[in-house]
Amino acid sequence: MAASESILVTGGAGFIGSHLVERLLGRGDRVTVVDDLSTGDTANLANATASFGERLDVVVGRVSDVIEDVATSRSFDAIYHLAAAVGVQLVVDRPIHTIETNIHETSSVLAVAARNSTRILIASTSEVYGKGVKTPMAEDDDVVYGPTTVPRWSYAASKAIDEYLGLAHHHTHGLPVVIVRLFNTVGPRQRGEYGMVLPRFVRAAMSGVPLEVYGDGRQSRCFCDVRDVVPALTDLMATEASDGVVFNLGHDEPIEIGALAALVVETLGSDSEIRNLDYEDVFDGRFEDLRVRQPDLGRIGNAIGFRPSIPLEKTIADLAEALTSEVNR
């Protein structure tokens with residue numbers, strides 16, 4: 001993609017979205033953000049506004065409510081659709097909001113993209129794999145979900161529908177769609193209010209209170225810094241061979257959650273204890289966990305040469321610094 005383009009970023013005031021907005025503005029693009037601020041915050045765009053305010057427009061509102069007016073008043077060369085309901089706690093507490101937000105908002109933005117033949121990237125999630133059928137998880141693997149009585153799987157199913165919608169537009173109308181399944185993106189500006197594990201651990205360690213590990217702590221995840229993730233998003237959008245393709249994006253080195261808690265304590269020099277809690281006590285039986293979630297990065301490596309480079313210790317330290325600055329603002 002050439003520089004100086006007009007880009008729409010839904011969810012652009014969120015954690016990942018705000019980093020993406022800064023990258024796009026930094027390369028010379030004009031960016032329009034649409035965000036209802038349900039989990040985003042305009043404070044995340046403070047640096048972008050201060051440095052590139054003349055090329056940044058922020059529209060506060062639900063995507064489905066404002067997308068038609070936004071698309072009528074300006075044209076876009078590309079769309080990054082990051083708006084979604086995110087976070088384990090939010091998914092468990094507000095399943096209706098989760099399902100309707102993920103499916104309806106994606107449908108709305110895809111309709112606009114299809115009408116104008118606008119290239120679009122849809123941010124999906126590793127949750128789509130459900131319980132998984134093997135490790136590491138590859139994009140063409142089968143998916144296995146738990147029962148509909150467990151709200152956790154509603155998020156996985158709703159994001160899978162998003163992928164189906166995007167790919168259907170590609171196959172039916174030739175819409176250039178890129179699907180990216182994110183695996184535990186972490187870093188500065190991420191917050192723990194909605195169940196995000198790393199910022200929750202970091203905040204606890206900084207406050208000297210116990211780090212609460214759910215279950216036995218032997219479940220493992222792969223954490224990738226947002227500053228590795230965002231350049232990969234723009235690289236995928238710059239590659240026409242990405243059209244109609246699903247990509248895993250994240251780190252492929254797993255760490256057990258108990259070990260992650262210990263690493264946070266060590267990295268920050270904290271005196272906090274680590275405490276294990278039963279899932280039943282935390283989620284009242286409305287959550288099922290899985291032991292391992294690890295991506296196969298072969299496809300994205302072949303497409304754009306992606307390899308994450310930022311060590312987890314640096315992510316932890318930078319996240320702590322960002323949380324401190326946030327408190328002191």
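Here, every reference points to the structure presented above.
Residues numbered from 1 in each chain as written. Predicted model: local features only at pLDDT ≥ 70, side-chain atom pairs only at ≥ 80, totals over all residues. Heavy atoms only, no water.

With seven of seven residues buried, strand β5 (residues 119–125) is to be regarded as a mostly interior element. Covered by surrounding structure in β5 are R119, L121, A123 and T125 together with I120, I122 and S124, the residues of both alternating faces. Taken together, the four bridges between strand β4 (residues 78–81) and β5 define a ladder with parallel strand orientation. Looking at β5, one finds that Y80 is bridged to L121. In this structure, β5 lies alongside strand β6 (residues 177–182), joined through six bridges in parallel fashion. Each bridged residue has a counterpart across the sheet, and for T125 the counterpart in β6 is L182. (Buried < 20%, exposed > 50% of the residue type's maximum accessible area, 1.4 Å probe, protein only. Helix = DSSP H or I, 4+ residues; strand = E, 2+ residues; numbered from the N terminus. Pairing = 2+ DSSP bridges.)

Taking 1.5 Å per residue as the helical rise, helix α9 (residues 257–268) with its 12 residues ought to reach 16 Å, and the 17 Å between its terminal C-alpha atoms agrees with that figure. Taken as a whole, α9 has its buried residues at I257, L260, A261, L263, V264 and V265. Downstream of α9 by one or two residues, G269 has phi in the positive range, about 60°. (Expected span 1.5 Å × (residues − 1).)

Enumeration according to the criterion identifies two aromatic pairs in this entry. Between the aromatic rings of Y129 and F183, the centroid separation amounts to 6.0 Å while the plane-to-plane angle is 45°, which identifies the pairing as tilted. Linking Y129 in the loop between β5 and α6 (152–173) with F183 in the loop between β6 and β7 (185–186), this pair joins segments that are 54 residues apart in sequence. Classification of Y129 as buried rests on a relative accessible area of 1%. Positioned above the aromatic ring of W153 is the side chain of R152, whose terminal nitrogen or guanidinium carbon lies 4.9 Å from the ring centre. One residue, R181, lies across the ring of Y129, its end atom 4.8 Å from the ring centre. (Phe/Tyr/Trp six-rings, centres within 6.5 Å; stacked < 30°, edge-to-face > 60°. Lys NZ or Arg CZ within 6 Å of the ring centre and 35° of its normal.)

These figures capture arrangement, not role.
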